[in-house]
Amino acid sequence: MAADLVVMIDGEGPMPGSLRSPSASPSPPSLGENFDPRPFLEFCTAHRGAPRYERVILVGDGQPLEQHGFALAEAARRGGFRRVRLDTRPWRLTNPRQVQAVVQAGVAEISVGLHATDPALHDRLRDRPGDFRDAKKCLANLARLDAEALVYIVMTSANVGQLRPVAQLAIEAGARRIDFWAYAPLDPTESEQQLLVPLDELAPRLLEAIATCRAAEVEAVIHHVPVCVLGEEGARVDATEPDHFHDHSQFWAAADPSARPRFNCLREAQCDAAEVCLGLSHAHVNRFGWELDRLRALPRTRPWRPRDRSVRRVDARGRAQAPHGHARWLDLLGAHAMGVEGVALTRSEARYPLQMPDGTRFVLVISARDDAARTFKQSRSFNLAYTDVVGPATERAIAAFVGPVLDTIIANDDGSLSLDARR
Amino acid sequence: MFRAVSSADAVPRPRSSLVPSTGQDRFFDYCLETYAPRCDPTGKLRGESLLWNSLEAAGVSEAGYEPFDAIRAAAGRDMTVFGVKWFRARLSWELYFYDPQREDRQITASALRRALAGVLDIRPRVRDTTRYFMYSFDLDAAALGDGQVPELNVYLQFHEGQGGHSYALREDACELRNTYRFHEPKREIEAILHQVQRSMWVDFTAVRVADIVLPELYECAKICVAKKRSADAIYYSGISIDQLRWFLHRFEYPHAVTSFVDRHRADFEHLMFDVGIDYRSRPDGSLEYPKTGYYSTL
Ligand code: SF4
């Protein structure tokens, strides 16, 4: 589970690593018009008793933030989150008194995008005149208070030549940490595609900027850049993703993975860094190809495992819901379902791998009831048997072990499940 | 014997494209290999809904649905893989029947031929002793109208590895159509790149691998590379509903298909889908995708 939890209050706030707010994207997430703070407030009450997240990140910049921001920050601070972060646009934080009120409500970290040393370029990248001026004012306000300014720089073809001076500017403005994000647009327009930077241009300039942070002892974190092009600084790559708080009515779109940029690397299974490296954004691959000449897989020291591609769900209390898969076929086993390693349904069988305490493994096989076939036991609709035994157990021991499982199936088989393909 | 069907005489189809999932559903990819659904299927839709939607999108009338109903009755629920093909701005269909172990005597090519008599006339005959592991046939608007199936595709498997050859069989002819091989995308990427880059149809001085090994589909369960008579092809199996949506938009399927899948995104999220893309270089060196298709089970 992630250490951070994102709460999208509205679609106006800046998402980490992006230049624009989600509402400015071609397919904005359809966040609820009227934000209802109650699910999150309830979550905070539960979280206080059993804290699971280190940090909450409140994201917003619209009317719902104005209306609920303070209450949410205070609830989060009381709700067991050690850090409360606000991601909003800097114009909201140009007034020192406003910043003070936000900090007093419990917000300890505020992230500010700074993308160029020259205001015109920054404003153009943000698509908002005056944003550079506001960002600098916001940083100056934060410097006066006990709030951490987290500066992030989105690296594009337009500003890649000035990464080091931007980092220097952020350091001078009091940044406690600088996050460097490779630009990774979702469904980029042609002009957005032009902002992508090939790796051989990006890596050396990023490394110079990192050296500047290192010299100033300011923490630098890198996102969306392949570990293997960064040498020792590859250790700074952070590919973790915060969890998104949502309840289905309001936050479905915010949790929709299709609404976020995706990444891949063709060398993933061969590379030891694959678990901490996302590879390249799809936008990048579509512009520059897979960059196979530049990526160098680091020899693997542990086995690679394919990703779990089941749909993750978090309930209103933030508990991860297990994917149900073949739920009814597992239900057939009652409490014994806990002891099987899943179920595979084939054309004619349901197969449940089982392991006994002495390590003996076998597969419990249920197939369509056939009175003419030899079988171990029968339920209303099925023949029940076991096969593929590997291990020391005797037949008698296996029969004793599997007996209660089969009895449960017989009791639970009400005829509503079938392995007859023609039903 | 067969009723003519065309979009011109289309009558409104009384049943809905939306077929709800049941607790009995089994989940197979387009090789009829089982997978665990990605989440609880309760309250969601069966993959066959995509087939009914495509028939509706193509303007097929009620009578044109009959062969599909008959196929399902003969082969069994979940047991037929269907492909919806998009070629020259027309939708057509392909039905695939697997039984590598010959577990089911009712779906040998000859048994199916008998079972469908009166609905579809499958003209070519395959000997039951031929050791095919799968066969398929195409249905387009014309075939749905006259009930004639002049060609069967018969698939013979390699000894090792997943893959094989396919032959097009007609009453009076049989010819090799394609050779294909499946790979695990991540563990076997070198083999995939090798297969893709050895091509009679693509000029790789002008085409990037990334336009064939597509980043949006790379996160999948299997990639199959095929060499065909007039193009190469790549198949991605075990993709999510979001990847399928991307695919349908990317390859410009009819609005009636894309909007249906977009609208029912959440209803299909428990399923995995499969897609195929034929590709080749144009005379000017750029890449074209003459034919694509998506798959699920009936
Ligand atoms: S080879 Fe791929 S996974 Fe490994 S570090 Fe490079 S980009 Fe990341």
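To be clear, the structure that these remarks concern was listed above.
Below is a short write-up of the structure. (Residues numbered from 1 in each chain as written. Chains lettered and ligands numbered in written order. Predicted model: local features only at pLDDT ≥ 70, side-chain atom pairs only at ≥ 80, totals over all residues. Heavy atoms only, no water.)

1. Focus: the environment of C224 of chain B
All names here are of chain B. As for its placement among the helices and strands, C224 is situated in strand 9 (residues 222-228). With a relative accessible area of 3%, C224 lands in the buried category. Placed 40 residues apart in sequence, C224 and E184 show a C-alpha to C-alpha distance of 8.7 Å. Setting aside residues up to four positions removed in sequence, C224 forms contacts with Y30, Y180, R181, F182, A233, I234 and Y235. (Helix = DSSP H or I, 4+ residues; strand = E, 2+ residues; numbered from the N terminus. Buried < 20%, exposed > 50% of the residue type's maximum accessible area, 1.4 Å probe, protein only. Contact = heavy atoms within 4.5 Å.)

2. What to know about the site of the ligand
In the region of the ligand, the neighbouring residues are P226, V227, C228, C265, R267, C271, A273, C277, G279, L295 and A297 of chain A. Its residues assigned to classes, the shell around the ligand shows nine nonpolar, one polar and one charged. (Near = heavy atom within 4 Å. Nonpolar A, V, L, I, M, F, W, Y, C, P; charged D, E, K, R; others polar.)

3. Looking at the interface of chain A and chain B
How big an interface is tends to be reported as the loss of accessible area on association of its parts. Counting residues at the interface gives 45 residues for chain A, matched by 53 residues for chain B. Summing both sides of the interface, chain A and chain B together bury roughly 3,800 Å²; the carbon and sulfur share of this comes to 48%. Counting every contact that joins chain A to chain B gives two salt bridges. The partner of K186 of chain B in a salt bridge is E268 of chain A, and the shortest N-O contact between them spans 2.8 Å. Between the two partners, chain A and chain B, sit eleven residue pairs in polar contact (both at pLDDT 80 or more). For the side of chain A that touches chain B, the elements supplying multiple residues, two or more each, are helix 10 (282-288), helix 11 (327-331) and strand 13 (344-345) of chain A. The dominant element in the side of chain A that touches chain B, judged by the number of residues it contributes, is helix 10 of chain A, at five residues. (Buried area = accessible area lost by both parts, 1.4 Å probe. Salt bridge = Lys/Arg side-chain N within 4 Å of Asp/Glu carboxyl O. Polar contact = N/O pair within 3.5 Å; in protein donor to acceptor, adjacent residues only side chain to side chain.)

4. Some details on the sheet that holds strand 1 (residues 4-8) of chain A
Residues and elements named next belong to chain A. If you trace the eight strands from one edge of the open sheet to the other, you get 7-6-5-4-3-2-1-8, paired in parallel fashion. If you trace the sheet from one side to the other, it starts and ends with strand 7 (219-223) and strand 8 (243-244), each paired once. Helix 5 (residues 131-144) contacts strand 4 (109-113) and strand 5 (148-155) of the sheet and is inclined by roughly 155° relative to strand 4. (Pairing = 2+ DSSP bridges. Axes fitted to C-alpha atoms, helices over the stretch in contact; angles between N-to-C directions.)

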